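Chain residues, written in single-letter form:
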Amino acid sequence: MTEIAISGVSKSFSLGKGEIQALADIEITFPSGSFTALIGPSGCGKSTLLRLIADVFPPTTGSIRVGDHGPDAARLSHEIGFVFQDPTLLPWRNVVENVRLPAEVAKIAPRRDPAALTTLVGLAGFEEARPSQLSGGMQQRVAIARALALDPKVLLMDEPFGALDEITRQRMNMELLRIWKESGATAVLVTHSISEAVFMADTVVVLSANPGRVSEVISVDLPRPRRLDLMRDARFNSYENKVREALFGDDMKVPA
Amino acid sequence: MTPAGTLRSIAPPAAVMVALLALMEIAKAAGWLPITVPAPSQVVAVIPAQWDNLVYHAGGTLRSALLGYFAAACAALALASLALSREGAERPILSLGVLIDCVPLIALAPIFVIWIGQGSALYITIAGISSFFPLLLGTVQGFKATDRSTRELFHVMAANRWQRLRLLAVPSSLPYLFAAMKVAAPLALLGTLIAEWMGAERGLGAMILYALFSFNVPVVWLTIVTICGLSAGAYGLIALLEARIVNWGPKGVSGHG
């Protein structure tokens, strides 16, 4: 069971002479096996929060627990899968070799078969292809397969489909939900899209900027598995509106 | 590339060369060229008599150029590693490279004659100095050719220093290294030649001087053509190796799909 607990976390970066505070007083818990979406304006520190969980850098104050230990121990025992905004594939390796990379680095046998993972993300037949031969969407599928190679307990995604067109993106989201359900990982998704956040997540965490703070936590009580027709549902729309109001606040009010 | 494709890409430049040589031959026969410019056939005619001589001197030059090039590559690798492993070391090291590159070799060579005297050591040193800067620049740029997300990926995967170097930094740097190696190879030959002019007994630089002093114009030209051939050959050999090794398309570490 891997719960992510963030308490009293703030993060500042030194920027030339001054200091910039990216996050302040963050207090959230992501339940084990849940899917959480982080949404907020640019500069609200949602990517920073994701990187704190992945131990890319430590928090300035506060503490983070990933399962039974700190983010560093979770990272060192290969419990974290990370999908970046860019595919970040190694162009000199083919698809399967890219998927196998985390196991190679960890010097352990892949916890999931790279060829089977390639099939899971819908790239059967492309095992030997080089990244430069794939479309952007296919490259990002490889990145997802790679993140799952060591069967991570935590799956962190930083706008993984941000560069894709709306249609591909919708399709990838459906597949991502299927893959996540099957993996049982605790997932955190950073996104800019309100409908994506509501469609994917059990909980939408709305952040505000300067410095990044949690402005609202909205739990999305919609049935799973989620299908596209859910987006026509009135409940779906009301959740979208809740997120929208949390993001835009007073701007949403009808002028008197 | 298919054989037919290779032919298609080689044919036009080859045709231009042949046409130019034919034009020169005709111009010489018509008496339009001065005595200092021989006909191509005159240059070819001296090859049999000069062959052993040419091989002897070319061998000397090649050896010095190769050793200098190799030494420069090692120095570039060591300094580039130092530049990138210590905070703030990159600028002074690159500045040093620029400084070395800015001093004209022809002015530097006599100083080195005084310091280390005539002989192989001199030719190798000058060859190394003349090919050093592009190698240093290429190595530094190559080692920096990874993007932030990919470095973060290796961090999240808990890769150690050696794995980062072997699995990421070295392959990412190869396109830059090969570009630098292609530029530097003819420079190493040029440096050797300049050093040999300072008074060598063996080497194409020496051969060209002997021919010049005995006013043997075709041999001077033969030497020049040989040097061009060696430079182009070195470049071509590295380009061939590059095509074999860097076979993953135009992009470096993939950013956007």
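The residue numbering used here restarts from 1 in each chain and proceeds along that chain's sequence as written. To label them, take the chains in the order written and letter them from A, then take the ligands in the order written and number them from 1. Predicted model: local features are reported for residues with pLDDT of at least 70 only, side-chain atom pairs are reported and counted for 80 or more only, and whole-chain, interface and lining totals are derived from all residues. Hydrogen atoms and water are omitted, and side-chain values are computed over all heavy atoms in the structure.

*Asks:* With reference to specific residues and values, describe the domain arrangement of chain A.
*Replies:* All names here are of chain A. All domain edges in this entry derive from an automatic or database-based domain assignment. Looking at the assigned domains, one finds that chain A contains domain 1 (1-79 + 155-255) and domain 2 (85-151). Averaged C-alpha coordinates put domain 1 and domain 2 at centres separated by 24 Å. With 15 residues of domain 1 at the interface, the matching set in domain 2 holds 15 residues. Summed over both partners, the interface of domain 1 with domain 2 comes to about 1,300 Å²; 60% of that surface belongs to carbon and sulfur atoms. What gets called buried area is simply the loss in accessible area from a 1.4 Å probe that two parts show on being joined, summed for both. By the criterion of area lost to domain 2, the three top residues of domain 1 are His78, Met172 and Ile179, representing 35% of everything that side buries. One speaks of a salt bridge when a side-chain nitrogen belonging to Lys or Arg is within 4 Å of a carboxyl oxygen belonging to Asp or Glu. Linking domain 1 with domain 2 are 2 salt bridges, by the criterion used here. Residue Glu175 pairs with Arg141 through a salt bridge whose shortest N-O separation is 3.3 Å. Within 3.5 Å is the distance limit for a polar contact, defined as a pair of N or O atoms, with the added protein rule that one can donate a hydrogen and the other accept it, and that residues adjacent in sequence qualify only through two side-chain atoms. Taken together, the links from domain 1 to domain 2 amount to 6 residue pairs in polar contact (both at pLDDT 80 or more). Every helix listed is a DSSP run of H or I at least four residues long, and every strand listed is a run of E at least two residues long, numbered separately from the N terminus. Looking at the side of domain 1 that touches domain 2, the elements that each hand over two or more residues are β6 (154-158) and α6 (166-183). Residue contributions to the side of domain 1 that touches domain 2 peak at 7 residues, all from α6. It only takes one pair of heavy atoms within 4.5 Å for two residues to be counted as in contact.

*Asks:* Help me get a handle on the UniProt feature "domain: ABC transporter" (unreviewed entry) in chain A, residues and values and all.
*Replies:* Taken from the UniProt record, the annotation "domain: ABC transporter" (unreviewed entry) applies to residues 4-234 of chain A. Helix makes up 31% of residues 4-234 of chain A and strand 28%. Its end C-alpha atoms lie 31 Å apart. UniProt positions are given in the numbering used here, feature names are shortened, and annotations may be inferred rather than shown by experiment.

*Asks:* Would you mind going over the interface of chain A and chain B in detail, with residue names and values included?
*Replies:* Contact residues are listed per partner, giving 28 residues for chain A and 27 residues for chain B. The junction of chain A with chain B conceals about 2,400 Å² of combined surface from both sides, 62% of it contributed by carbon and sulfur atoms. Counting across the interface, chain A meets chain B through 1 salt bridge. With a shortest N-O distance of 2.7 Å, B:Glu152 and A:Arg51 are connected by a salt bridge. The tally of links between chain A and chain B comes to 5 residue pairs in polar contact (both at pLDDT 80 or more). Only α2 (71-76), β5 (80-83), α3 (95-106) and α5 (136-147) of chain A provide two or more residues apiece to the side of chain A that touches chain B. Ranked by residues supplied to the side of chain A that touches chain B, first place goes to α3(A) with 4 residues. Its residues assigned to classes, the side of chain A that touches chain B shows 14 nonpolar, 5 polar and 9 charged. The classification used treats Ala, Val, Leu, Ile, Met, Phe, Trp, Tyr, Cys and Pro as nonpolar, Asp, Glu, Lys and Arg as charged, and all other residues, Gly among them, as polar.

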